[in-house]
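So the chains spell out like this:
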Amino acid sequence: MKRFVAKKVEELQPSGIRVFFDLVLGMKEVISLGVGEPDFVTPWQIREAGIYSLEQGFTSYTSNKGLYKLRLSINRHLKAQYGLDYSPDEEILITVGVSEGVDLCLRACLEPEDKVLIPVPSYVSYGPVTELAGGIPVYIDTSSNGFKLTCRMIEEAVDKKTKAIVLNYPVNPTGVSYTKKELAALSNVILKHKLLCICDEVYADLTYDFEHTVFATLPGMRERTVYLNGFSKSYAMTGWRIGYACAPAEIIAAMTKIHQYTIMCVPITAQMAACEAMHSCRKDVEEMKREYRRRRELVVARLNDMGLACRKPEGAFYAFPSIKKTKLTSMQFAERLLKEQKVAVVPGTAFGACGEGFLRISYASSMDNLKEALNRIEVFLKSL
Amino acid sequence: MDEILEILEKDGRSTPEEIAKMLKRKPQKVREAIRKFEKEGVILKYKAVINRELMRESDNRVRALIEVNVTPQKDVGFDKVAERIYSFPEVSSCYLISGTYDLLLIVEGSNLHTVSQFVAEKLSPLENVKGTTTHFLLKKYKEDGVILKHREENKRIAISY
């Protein structure tokens, strides 16, 4: 019988590690360092604001772009923190997390067969969403330079059909981030080739060694950048599914068209809670960051001590150590570690083939869990 | 607050080696700093936070908050009176506060009777104590920043991108 699923969806690369994920989910008493979200619960003021909004009867639609109040506080926050001015009326759209923002932007901007540069290893959605939007993902392997994208890599990958580049930093899964100087260099190449920049900066608040630079603040970049951010990582609000896109008015108008027909608007409860996050929780962000930084130091030092070479990640909450010297593949290592020591990590290959020989270790886990898990990893290494 | 103190306040079992890694300092330096804190009395002691309601053996210990009105003494004010009161081992905390009374005590005893006895026989008869009001504690929800509940199950899924 002829099946119903469209060819282009059927041909989408299924995630090669689904089986491994199922294995983890089926096991009990596992210490998981495989989680891509904060281990903190959303701060109470934010949860309380959500509950209160329900009590007050805020259960309706909002405007497609999102509550004006929220767009205004995003405008003020970006102005105060980065000197960036996006009009709350025309240049800001509230989205269902950054994921929706990436999808909207690609669908709004890509013509069939337009190419999109995607530095890898990367978060899993950029490639598939590009394909669904009719584009062609061009993956740039960054492993030769400690997972840092260089101008030369862009030059080698770009051609006449290249329309856009996805820049995610700090990077999930490697924790790499870029200084202002490094970004300025990249922006010159991007300008030269007139690329659209899709910037996923959702981990921006978790940058440890230098100030995060918003790509749109670099000379000439604002007009060609879609700045995406959200509340998930900074405010531990992953399950609320709320983020925002800032871009020139014509791009936001186009994205809003798709958003209004598909999503209509982000749930009002999440929007009300996000208003509170913007309003009163910046200090919680700082506190979380301090805690993450300490965990980063501990995890990276312990991994290097036990012989797993690990560069120090500048941001996010991931360490990306090399396991090449064990002669195991990422998948073998992760599977055996899970079965023998009950510690879950994500094989680097989940984020692109060039992640082979690496693991993503999330330190969004309590200090106690981290210490125990690191001890077990050490035991595992000695048993090899 | 010093970051070493912040870490130890969260988990008193953190070793100097672990703290050194977290803060990128030398273990020896951290050990010295901790010793200094201990010597100066900044760190007073290390202890476990116990949720008595979950202990297997029955525990009838009672706690009371006691408001005490006192007559301050010449030259030494409240301090001398407070000292006479907080020196009783039954008194686990003692605060001087503003408002309608002067000292707030937290008193612990093995049962209701011992606490009442303490108030009637030791506290009230003191020369400078003008009056007391005793409130027995019925249930503890949160203490020193710790919510006293069963450890909550992790609600996150075990693995995600």
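Residues numbered from 1 in each chain as written. Chains lettered and ligands numbered in written order. Predicted model: local features only at pLDDT ≥ 70, side-chain atom pairs only at ≥ 80, totals over all residues.

## Regarding the overall build of chain A
The cut-off we apply is this: In DSSP terms, a helix is any run of H or I states spanning at least four residues, a strand is any run of E spanning at least two, and both are numbered starting from the N terminus. Two things to know: the radius of gyration comes from C-alpha atoms, and the globule rule equals 2.2 Å times the number of residues to the power 0.38.
From N to C terminus, chain A includes 13 helices and 12 strands. Over its C-alpha atoms chain A spans a radius of gyration of 21 Å, differing by no more than 12% from the 21 Å that the globule rule assigns to 384 residues. Considered along the principal axes of its C-alpha atoms, chain A spans approximately 60 × 55 × 55 Å.

## Regarding the packing of helix α4 (residues 68-82) of chain A against helix α10 (residues 268-280) of chain A
Residues and elements named next belong to chain A. Applicable threshold: In this analysis, axes come from line fits to C-alpha atoms, helices being fitted only over the stretch in contact, and the angle between any two N-to-C directions falls in the range 0 to 180 degrees. Here is the rule for angles: anything less than 35 degrees is roughly parallel, anything more than 145 is roughly antiparallel, 65 through 115 is roughly perpendicular, and the remaining ranges are oblique. Rotating anticlockwise by less than a right angle from the far helix to the near helix defines a left-handed crossing, while the corresponding clockwise rotation defines a right-handed one. Two residues form a contact once the distance between their C-beta atoms, set from the backbone, is within 7 Å.
At a minimum axis separation of 9 Å, α4 and α10 run at an interaxial angle of 25 degrees. If you check the angle between α4 and α10, you find them roughly parallel. When you trace α4 past α10, the crossing you get is left-handed. Facing α4, whose interface residues are Lys69, Leu70, Ser73, Ile74 and His77, α10 presents Gln271, Ala274, Cys275, Met278 and His279.

## A look at the domain arrangement of chain B
Note the following rule: For every domain, the bounds stem from an assignment made automatically or drawn from a database.
What the domain assignment reports for chain B is domain 1 (3-40) and domain 2 (54-143). Its C-alpha centre places domain 1 of chain B at a distance of 35 Å from the equivalent point of domain 2 of chain B.

## Observations concerning unusual backbone geometry
Residues and elements named next belong to chain A. For the peptide bond that leads from valine 120 to proline 121, omega is 5 degrees, which places it in the cis range. On the secondary structure map, proline 121 appears in the loop between β3 (115-120) and α6 (126-132). Of note, the bond from tyrosine 169 into proline 170 is cis; its omega dihedral lies within 30 degrees of zero at -15 degrees. Note on placement: proline 170 falls in the loop between β5 (162-168) and α8 (180-192). Positive phi values are uncommon outside glycine, yet alanine 316 reaches one of about 60 degrees. Within the secondary structure, alanine 316 is located in the loop between α11 (282-305) and β9 (318-319).

## Some details on the sheet that holds β9(A)
Residue and element names in this part refer to chain A. Where we set the bar: Pairing between two strands is assigned when DSSP locates at least 2 bridges connecting them.
Strand order in this open sheet of three strands is β9-β12-β11, and the pairing throughout is antiparallel. A strand with exactly one partner marks an edge of an open sheet, and here the two such strands are β9 and β11 (346-347). As judged from the two bridges shared by β11 and strand β12 (residues 359-362), these two strands associate in the antiparallel manner. If you follow valine 346 over to β12, its bridge partner there is arginine 360.

## Structural notes on the nonpolar core
A general tendency of soluble globular proteins is for nonpolar side chains to be buried together. To keep things clear, this is the line we draw: Throughout this description, the term nonpolar core refers to a group of buried Ala, Val, Leu, Ile, Met, Phe, Trp, Tyr and Cys residues whose C-beta atoms join them within 7 Å. Burial is judged by counting other C-beta atoms within 10 Å of a residue's own C-beta: 20 or more means buried, 12 or fewer means exposed, and anything between counts as partly exposed, with every C-beta placed from the backbone.
In terms of nonpolar packing, the biggest core is built from 124 residues, with A:Cys105, A:Cys197 and A:Ala245 touching the most fellow members. Every residue in contact with A:Cys197, bar those within four places of it in the chain, is listed here: A:Ile165, A:Leu167, A:Ile190, A:Phe215, A:Met221, A:Arg224 and A:Thr225. Membership of the second largest hydrophobic core comes to 14 residues, among which are B:Val68, B:Ala82, B:Val107 and B:Val119.

## Thoughts on the pairing of strand β3 (residues 103-109) of chain B
Residue and element names in this part refer to chain B. Examined bridge by bridge, strand β1 (residues 62-70) and β3 share seven bridges and lie antiparallel to one another. Its bridge partner being in β3, arginine 63 is matched across the sheet by glutamate 108. Across five bridges, strand β2 (residues 91-96) lies against β3 in antiparallel orientation. Bridge pairing links tyrosine 95 to leucine 104 in β3. Between β2 and β3, which pair antiparallel in sequence order, lie six residues; one of them, glycine 99, sits at a positive phi of approximately 120 degrees.

## Examining the sheet that holds strand β7 (residues 225-230) of chain A
All names here are of chain A. With respect to topology, seven strands assemble into an open sheet ordered β2-β8-β7-β6-β5-β3-β4, the strand pairing being mixed. Each end of this open sheet is capped by a strand with a single partner; those strands are β2 (92-95) and β4 (136-141). If you compare each strand with its neighbour and ignore which way they point, the axes differ by 20 degrees on average. Two elements, β5 and strand β6 (residues 196-200), share five bridges in a ladder whose sense is parallel.

## Some details on the domain arrangement of chain A
Residue and element names in this part refer to chain A. To keep things clear, this is the line we draw: Three classes are used, and their members are as follows: Ala, Val, Leu, Ile, Met, Phe, Trp, Tyr, Cys and Pro are nonpolar, Asp, Glu, Lys and Arg are charged, and the others, Gly among them, are polar.
Taken as a whole, chain A is organised into domain 1 (7-42 + 283-383) and domain 2 (44-281). Each of domain 1 and domain 2 has a C-alpha centre, and these two points are 25 Å apart. With 33 residues of domain 1 in contact, the opposing surface of domain 2 contributes 34 residues. No other element matches the seven residues that α11 contributes to the side of domain 1 that touches domain 2. Here the residues of the side of domain 1 that touches domain 2 are counted per class, giving 15 nonpolar, eight polar and 10 charged.

## Quick notes on the interface of chain A and chain B
With 19 residues of chain A at the contact, the number on the chain B side is 13 residues. When contributions to the side of chain A that touches chain B are tallied by element, the ones reaching two or more residues are α2 (18-25) and α11 of chain A. Here the side of chain A that touches chain B gets five residues from one element, more than from any other, and that element is α11(A). For the side of chain A that touches chain B, the residue count by class is 12 nonpolar, three polar and four charged.

## Some thoughts on the environment of A:Leu183
Residues and elements named next belong to chain A. Residue placement: leucine 183 occurs in helix α8. Judged by local crowding, leucine 183 falls into the buried class, with 22 C-beta atoms found within 10 Å. Through-space distance from the C-alpha of leucine 183 to that of glycine 307 is 32 Å; in sequence the pair is 124 residues apart. Apart from residues no more than four positions distant in its own chain, leucine 183 is found in contact with Tyr178, Thr213, Phe215 and Leu218.

## Regarding α8(A)
Residue and element names in this part refer to chain A. Spelled out, the test is: A helix's residues, less one, multiplied by 1.5 Å, set its expected span. Here, the arc refers to the directions that run from the helix axis to the C-beta atoms.
With 13 residues, α8 extends 18 Å from end C-alpha to end C-alpha; this agrees with the ideal 18 Å at 1.5 Å per step. For α8, the set of buried residues is Leu183, Leu186, Ser187 and Ile190. An end-on view of α8 places all buried positions within 110 degrees of arc, on one side of the element. Facing away from the buried side of α8, by more than 90 degrees, are the exposed residues Lys181 and Lys192. Residues of α8 that are buried in the fold lie against α7 (151-157), β5 and β6. Lysine 194, located one to two residues past α8, shows a positive phi value of around 55 degrees.

## Some thoughts on the packing of α2(A) against helix α12 (residues 330-341) of chain A
Between two packed helices, the angle of one axis relative to the other and the distance separating the axes together describe the packing. Residues and elements named next belong to chain A. Two numbers describe how α2 lies on α12: the axes approach to 11 Å, and their chain directions differ by 10 degrees. If you check the angle between α2 and α12, you find them roughly parallel. Only Met331, Ala334, Glu335 and Leu338 of α12 make contact with α2, whose side of the interface consists of Phe20, Leu23 and Val24. Here the residues of the contact of α2 with α12 are counted per class, giving six nonpolar, no polar and one charged.

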